[in-house]
Amino acid sequence: MKIIDLRSETVTHPTPAMRQAMFEAEVGDDVYHEDPTVNRLEIMAAEIMGKEAALFTTSGTQSNIIAVLTHTSHGDEIIVGDEAHILWYEVGGAAALCGVTMRTVPNDSCGRLNPDDIDRVIRGRDMHYPETTLLCLENTHNRCGGAVLTTDYTDEVCNLAHTRGLKVHLDGARIFNAAIALGVPTCTLAQNSDSVALCLSKGLSAPVGSLLCGSKDFVERARKFRKMLGGGMRQAGIIAAAGIVALETMVDRLAEDHSNARRLAQGLAGIKGIKLAQDDIPSNIVMFHLSPELSVVEFVEGLDRAGVKIGLRDGRPFRAVTHRMISSSDIDEALTRIEAVCRRLRGRAQK
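Model, not experiment: these values are computed from the prediction. (Residues numbered from 1 in each chain as written. Predicted model: local features only at pLDDT ≥ 70, side-chain atom pairs only at ≥ 80, totals over all residues. Heavy atoms only, no water.)

For the rest of this paragraph, the subject is the overall build of the chain. Along its length, the chain carries 14 helices and twelve strands. By the compact-globule yardstick of 20 Å for 351 residues, the chain fits well, its C-alpha radius of gyration being 21 Å. Overall, the chain is about 65 × 55 × 35 Å in size when its C-alpha atoms are taken along their principal axes. When the 351 residues of the chain are sorted by exposure, 55% land in the buried category. Looking at the chain as shown, the accessible area adds up to about 15,200 Å², and 50% of this sits on carbon and sulfur atoms. Here the chain carries 39 positive and 45 negative side-chain charges, and the mean point of each set is 6 Å from the other. (Helix = DSSP H or I, 4+ residues; strand = E, 2+ residues; numbered from the N terminus. Rg over C-alpha atoms; globule rule 2.2 N^0.38 Å. Buried < 20%, exposed > 50% of the residue type's maximum accessible area, 1.4 Å probe, protein only. Areas by Shrake-Rupley, 256 points an atom, 1.4 Å probe, with all protein chains shown as cover. Lys, Arg positive; Asp, Glu negative; His and termini not counted. Charge placed at Lys NZ, Arg CZ, Asp CG, Glu CD.)

A separate point is the pattern of salt bridges. It is possible for side chains bearing opposite charge to pair when their charged atoms get close. Applying the stated rule across the entire model yields 21 salt bridges. Here arginine 253 ties to aspartate 257 by a salt bridge, and the two come within 2.6 Å at their closest N and O atoms. For aspartate 257, a relative accessible area of 1% corresponds to the buried category. Through salt bridges with shared partners, a single ionic network connects Glu77, Arg103 and Arg123. (Salt bridge = Lys/Arg side-chain N within 4 Å of Asp/Glu carboxyl O.)

With that out of the way, let us pick up the sheet that holds strand E5 (residues 132-138). The seven strands lie next to each other as E2-E8-E7-E6-E5-E3-E4, forming an open sheet whose pairing is mixed. The open sheet has two edge strands with one neighbour each: strand E2 (53-57) and strand E4 (101-105). Strand-to-strand twist of the sheet, defined as the mean angle between neighbouring strand axes without regard to direction, takes the value 20°. Pairing of strand E6 (residues 167-172) with strand E7 (residues 195-199), which is carried by four bridges, proceeds in the parallel orientation. In the strand pairing of E7, histidine 169 is matched with serine 195. (Pairing = 2+ DSSP bridges. Axes fitted to C-alpha atoms, helices over the stretch in contact; angles between N-to-C directions.)

What follows is about the environment of leucine 41. Locating leucine 41 in the fold gives a position in helix H2 (residues 36-49). Separated by 146 residues in sequence, leucine 41 and cysteine 187 have C-alpha atoms that sit 16 Å apart. Not counting residues within four places of it along the chain, the set of residues in contact with leucine 41 comprises Phe56, Leu200, Leu211, Ala240, Gly243, Ile244 and Leu247. (Contact = heavy atoms within 4.5 Å.)

Before going further, it helps to examine a nonpolar patch on the surface. A cluster of nonpolar side chains, Leu97, Met228 and Leu229, forms an exposed patch at the surface whose accessible area comes to about 290 Å². If you trace the backbone, methionine 228 turns up in helix H10 (residues 216-228). (Patch = residues over 30% accessible without salt bridge, like charges linked within 9 Å, V, L, I, M, F, W, Y side chains within 5 Å.)

Another aspect to go through is the pairing of E6. Burial within E6 is extensive, with five of its six residues counted as buried. Bridge count between E5 and E6: five bridges; the pairing is parallel. Along E6, the bridge assignment pairs leucine 135 with valine 168. Regarding topology, helix H7 (residues 151-163) serves as the crossover connection from E5 to the parallel E6, and that connection is right-handed. (Right-handed = clockwise from strand over helix to strand, strands pointing away.)

Tallied over the entire structure, the rule returns three cavities of 30 Å³ or more. Size it by volume and the largest cavity reaches roughly 60 Å³. Lining the largest cavity we find Gly81, Ala84, Asn107, Gly111, Arg112, Leu113, Cys136, Leu137, Glu138, His141, Leu149 and Tyr153. Here the lining of the largest cavity takes three residues from E5, the largest share from any one element. Among the residues making up the lining of the largest cavity, the classes are represented as six nonpolar, four polar and two charged. If you add up the space inside the second largest cavity, you get close to 40 Å³. Around the second largest cavity, the lining residues are Glu298, Gly302, Arg305, Val341, Arg344, Leu345 and Arg348. Mapped onto the lining of the second largest cavity, the elements with two or more residues apiece are helix H13 (296-306) and helix H14 (328-349). In terms of residue count, the dominant contributor to the lining of the second largest cavity is H14 (four residues). Here the residues of the lining of the second largest cavity sort into two nonpolar, one polar and four charged. (1 Å grid on protein atoms, 1.4 Å probe; cavity = no way out; pocket = protein on both sides within 12 Å on 5 of 7 lines; lining within 4 Å. Points joined across faces, edges and corners; volume = space filled by probe spheres on them. Nonpolar A, V, L, I, M, F, W, Y, C, P; charged D, E, K, R; others polar.)

With 54 residues, the main nonpolar core has Phe56, Leu135, Ile175, Phe176, Leu198, Leu200 and Leu204 as its most contacted residues. Not counting residues within four places of it along the chain, the set of residues in contact with leucine 200 comprises Leu41, Phe56, Ser205, Ala206, Val208, Gly209, Ser210, Leu211, Gly243 and Leu247. The next biggest cluster of nonpolar side chains, apart from the first, holds 28 residues, and it includes Leu6, Val286, Phe299 and Ile326. (Core = buried A, V, L, I, M, F, W, Y, C linked by side-chain atoms within 4.5 Å.)

Looking now at the packing of H2 against helix H11 (residues 237-249). At a minimum axis separation of 8 Å, H2 and H11 run at an interaxial angle of 30°. Comparing the axis directions of H2 and H11 gives the class roughly parallel. When you trace H2 past H11, the crossing you get is left-handed. For the pair H2 and H11, contact is made by Thr37, Val38, Arg40, Leu41, Met44, Ala45 and Ile48 and by Gly237, Ala240, Ala241, Gly243, Ile244, Leu247 and Glu248, respectively. Among the residues making up the contact of H2 with H11, the classes are represented as nine nonpolar, three polar and two charged. (Parallel < 35°, antiparallel > 145°, perpendicular 65-115°, else oblique. Left-handed = near helix turned anticlockwise from the far one by under 90°.)

Okay, here's the thing in structure tokens:
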């Protein structure tokens, strides 16, 4: 029985082309800035994002932490959405490692922060207050069901932040999904942010790595913080080579993941006992609820026995993520198995 893993696109394996590129990669010492493959990857990423420079990091979490360290000083306050990845899934690193306070603003169902709410929580000048120095956005938005922030919205919020003296960091772990969903060049989604982080190891299927992009001065300062965090790698071209292949070959195919996500959502909506948690499916994340009469524990156990893996965190809706290793036929098979599990649970609930 094939395991259909819908927990995250982080489970994707590198493609044969990536493995070959890794095998053949020209390498050097990246801490000395002498790895030609890393240098090429960083130049590529900066050009794609419309920024002056980029820094290869081990993960999206490390990119976000480095961005906060670079933009702020200890004792500052940053503004994040109350559903932000930085707030929920990065082990409190912004507070523990950067020494900043995270001030939350509500995310709406589309992942947006209301500009009036942002404006309201920016601190005025007062000796009793921490200084508000950074606004963090997320596109696409993980906990808001892969919601996509448009260029117009992002520009509006960035302009507000800059007018009030704040920098803007964009957590773009899935920014290529956003660009594909909107049909716009990726750089337009980050054009007014001061920094942007992108992930290679999610939908792009590289085995490891992210990139942090910004101005030359920003990246030079960020490079020192990467070293401080233990992220200065040596012959890192071996893994950077896979990232180059990812950027060259894996972006356009994300549309297939989006199509499969919509296929999955349509099928789930027709299963008695399941209710979608979002009105539309803008990218590759599908979130859904289980009817109260059905046991969450038994549902998860039933899916596990049926060979379907789906994410569930913090009492939130179930999350299913489509990716390169999930075909349309896999979606149909997953729906068949999910419906069978729900049918059995409904039968038990009626006894």
